[in-house]
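Listed below are the residues making up each chain.
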Amino acid sequence: MADRLFSFPQIRIRDVVLRWFVPVFAFFVLAPVSGQCADTLKNSAQPAAAVAVGIIKPMKVPYISEFPGRVAAFEVSEVRPQVGGIIQKRLFTEGSDVRVGDVLYQIDPALYRADYESAKAALRRAEANVAPARLRFERYGKLLASRAVSRQEYDDAKASYEQARAEVGVCRAAVDSAKIRLEYTRVTSPISGRIGRSAVTPGALVTAGQASPLASVYRIDTVYVDVTQSSADMLRMKRAMESGRLSRIDDEHAAVHLILEDGTMYQETGSLQFSEVNVEESTGSVTLRAFFPNTGRCLLPGMYVRARLAEAVDDQAILLPQKALLRDEKGAGYAYVVNESGMAEKRMVEVGRAYGSTWIVQSGLREGDRVVLDGFIRVRPGMAVHIVEEKFIEPVLSE
């Protein structure tokens, strides 16, 4: 009886252990192992991700910089009077084209015409005095040989003749001066171009050398565009060219393109003329001047524009499409590359400036790399991929 009593609880405890403890132990010990096996089976059973790749091919890329600038007229002339007087007429239409020598204003010429006539009369009187002085000098020269006149009388006759000739020269210069002043009463255009608004009206009194111009004439069939580049950017570009990574473009033939204020591209292409030799102290920038044809008069002096200038060329640039550059949680750039085994590989990439639809790669990629362009959302490092499309990477350039 005693054996039966003590054996019954032992049987029940063993049953409890077998029924509950062993399954729980097996769950916590074997579940991770079985999970890993399941993941392995799942990965092995998962089909390779279909991707499109681009093949890295070095190419020649210009380094294009964009600078702010202002349009300046090719020639500017401020029209000012060179004699004083009352404006009688304005002989041009504001905003019209004028040619060099066209009369713009007429100043009252009465006083200047009188001075001119007086100068001409003085010249005729001086010329009249030359003839008797010359005859007297010649006659005294003959009489001097026979000692009929003294040497002193001969010298006085010669001096009178020379003085009469000099007087003619003085009067002739006075005539020229009076004529010039008379012609200055007709205020003409010093250059050909388009004239602006008039600052005076008929009846206004003007003076020679006055500070305010009567009008301004602008030659705008061709224009200058003055752009500014920071000295720091200029130094970086210079170091890159000295290191051999970039090659120089001939400044005398460097093409310049303009972006207008409304965002459209200007159709004409300009050329770089020169770079200023000093740095602006207040802004730390250098001024570059470009020359542009302006046949349609689209560019006006003072207009704000942005200029695109190719400063240098990278003969072996590595390009990466912008959509293929990914960022991790720290902001570092990377791209997926398909290796020789057909597996996806995460490659850290450092890029520089943009060129069209691509980035110019500084480090991380090399020639022949196959970069995933489409389908990278399903790609993970070490995953087998299936290439459905393969092409060389080409930039898409837009205006």
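Residues numbered from 1 in each chain as written. Predicted model: local features only at pLDDT ≥ 70, side-chain atom pairs only at ≥ 80, totals over all residues. Heavy atoms only, no water.

Chemist: Residue-level account of helix 3 (residues 151-183), with values.
Modeler: Taking 1.5 Å of rise per residue, the 33 residues of helix 3 would be expected to cover 48 Å, and the 49 Å separating its terminal C-alpha atoms lies within 8% of that figure. Of all the residues in helix 3, the buried ones are Tyr154, Ala157, Tyr161, Ala164, Val168, Cys171, Val175, Ala178 and Leu182. Buried residues belonging to helix 3 abut helix 2 (110-145) and strand 6 (186-188). (Helix = DSSP H or I, 4+ residues; strand = E, 2+ residues; numbered from the N terminus. Expected span 1.5 Å × (residues − 1). Buried < 20%, exposed > 50% of the residue type's maximum accessible area, 1.4 Å probe, protein only. Contact = heavy atoms within 4.5 Å.)

Chemist: Any chance you could break down the packing of helix 2 against helix 3 for me, citing the residues and the numbers?
Modeler: Interaxial distance between helix 2 and helix 3 falls to 7 Å at its minimum, and their mutual angle equals 160°. Considered as vectors, helix 2 and helix 3 are oriented roughly antiparallel to each other. With respect to the hand of their crossing, helix 2 and helix 3 are arranged in left-handed fashion. Partitioning the contact of helix 2 with helix 3 into residue classes produces 21 nonpolar, three polar and 14 charged. (Axes fitted to C-alpha atoms, helices over the stretch in contact; angles between N-to-C directions. Parallel < 35°, antiparallel > 145°, perpendicular 65-115°, else oblique. Left-handed = near helix turned anticlockwise from the far one by under 90°. Nonpolar A, V, L, I, M, F, W, Y, C, P; charged D, E, K, R; others polar.)

Chemist: Let's hear about the pattern of salt bridges: which residues, and what values?
Modeler: Following the criterion strictly, the structure yields 17 salt bridges and no others. The salt bridge partner of Glu78 is Arg80, with a shortest N-O separation of 2.8 Å. Take Glu78: its relative accessible area is 43%, and that puts it in the partly exposed class. Classification of Arg80 as partly exposed rests on a relative accessible area of 31%. Here Asp374 ties to Lys323 by a salt bridge, and the two come within 3.4 Å at their closest N and O atoms. Here Asp374, found in strand 21 (residues 370-374), pairs with Lys323, found in the loop between strand 15 (319-321) and strand 16 (326-327); they are 51 residues apart in sequence, far enough to count as distant. You can call Asp374 partly exposed: its relative accessible area is 39%. What emerges from the salt-bridge pattern is a single network uniting Glu66, Arg306 and Arg308. (Salt bridge = Lys/Arg side-chain N within 4 Å of Asp/Glu carboxyl O.)

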